[in-house]
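Inside the fold
Spelled out, the chains give:
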Amino acid sequence: MQKILIVDDEPILVKGLKYSLEQDGYEVEVAYDGIDALEKEAEKEYDLVILDIMLPEIDGLEVCQRIRERSEVPIIMLTAKNEDIDKILGLEHGADDYMTKPFNILELKVRIKAILRRMTKKDTNIINQEIKVEDFTINTLGRKVTVSGKEVNLTAKEFDLLLLLASNPGKVFTREELLEVIWGYEYFGDLRTVDVHIRRLREKIEKNSSQAEYILTKWGVGYYFKGVQHE
């Protein structure tokens, strides 16, 4: 049974969402503030976290960032504000997806299923292969990336993006294609989601993120990866 952690300080919303997800067969636990959320996430392994951005004690952005320091668990961020900056901040802090309150519970369920399906597929299709690119290595088996011998902490989406691009050197992917492949056809977000994740990737693996050497831009088209060596 897949486990979901709901983190929100609105008891009525939490009660309704918990009941609805349990009816779909999920095991659901809840937290009403940031501290409780971090404690629960550290104690147990969850398959997905639904995280409100506005929380008592510690806000959702910091909770998301702390979880990302130790886990790749998928995170859907909830925000009551219909502002682009909140969505972008959520992605910047490591969220995989976001929804704006009030949201349609059926749409949320679709997103949850899509994310969990992709995570399951990744776990069963991992191959024992390394992709080496000059001073960094992508280990597809352990889903790890090292730069100059030091492991780089990537979110699940950042790793998926990097692996897709590096596995297809020279192939230009449009933002629409990346959105479909990495987030899936069910994803309802916008193209800026791709740009945010590409920027975060560059900051982590490039020597100079403003002058990228590996993840390159084909202006007016999309993104591509320079030639690589497969082992």
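Everything below is about the structure shown above.
A few points on the structure.

What counts, and at which threshold
- Residues numbered from 1 in each chain as written.
- Predicted model: local features only at pLDDT ≥ 70, side-chain atom pairs only at ≥ 80, totals over all residues.
- Heavy atoms only, no water.
- Salt bridge = Lys/Arg side-chain N within 4 Å of Asp/Glu carboxyl O.
- Helix = DSSP H or I, 4+ residues; strand = E, 2+ residues; numbered from the N terminus.
- Buried < 20%, exposed > 50% of the residue type's maximum accessible area, 1.4 Å probe, protein only.
- Pairing = 2+ DSSP bridges.
- Contact = heavy atoms within 4.5 Å.
- Axes fitted to C-alpha atoms, helices over the stretch in contact; angles between N-to-C directions.
- Parallel < 35°, antiparallel > 145°, perpendicular 65-115°, else oblique.
- Left-handed = near helix turned anticlockwise from the far one by under 90°.
- Nonpolar A, V, L, I, M, F, W, Y, C, P; charged D, E, K, R; others polar.

**Examining the pattern of salt bridges**
- Following the criterion strictly, the structure yields 20 salt bridges and no others.
- Ionic pairing is found between glutamate 22 and lysine 18, a salt bridge with its closest N-O pair at 2.5 Å. One end of the pair is glutamate 22 and the other is lysine 18, both in helix 1 (residues 11-23) and four residues apart, which spans about a single turn.
- The exposure class of glutamate 22 is partly exposed, given its relative accessible area of 32%.
- Between aspartate 24 and lysine 109 there is a salt bridge; the shortest N-O distance is 3.2 Å. In this pair, aspartate 24 is assigned in the loop between helix 1 and strand 2 (27-31) and lysine 109 in helix 5 (residues 105-125), connecting sequence segments 85 residues apart.
- You can call lysine 109 buried: its relative accessible area is 15%.

**Here we look at the sheet that holds strand 11 (residues 215-218)**
- Strands sit in the order 10-12-11 across an open sheet of three strands; the sheet is antiparallel. Of all strands in the sheet, those bounded by a partner on one side alone are strand 10 (173-174) and strand 11.
- Together, strand 11 and strand 12 (222-225) form the strand contacts of helix 8 (residues 192-205), whose direction differs from that of strand 11 by roughly 140°.

**What about the packing of helix 6 (residues 156-166) against helix 7 (residues 175-183)?**
- Running from N to C, helix 6 and helix 7 point in directions that differ by 120°, and their axes come no closer than 10 Å. With respect to helix 7, the axis of helix 6 lies oblique. Here helix 6 runs over helix 7; the crossing is right-handed. Of helix 7, the residues touching helix 6 (which contributes Lys157, Asp160, Leu161, Leu164 and Leu165) are Leu178, Val181, Ile182 and Trp183.
- Taken together, the residues of the contact of helix 6 with helix 7 break down into seven nonpolar, no polar and two charged.

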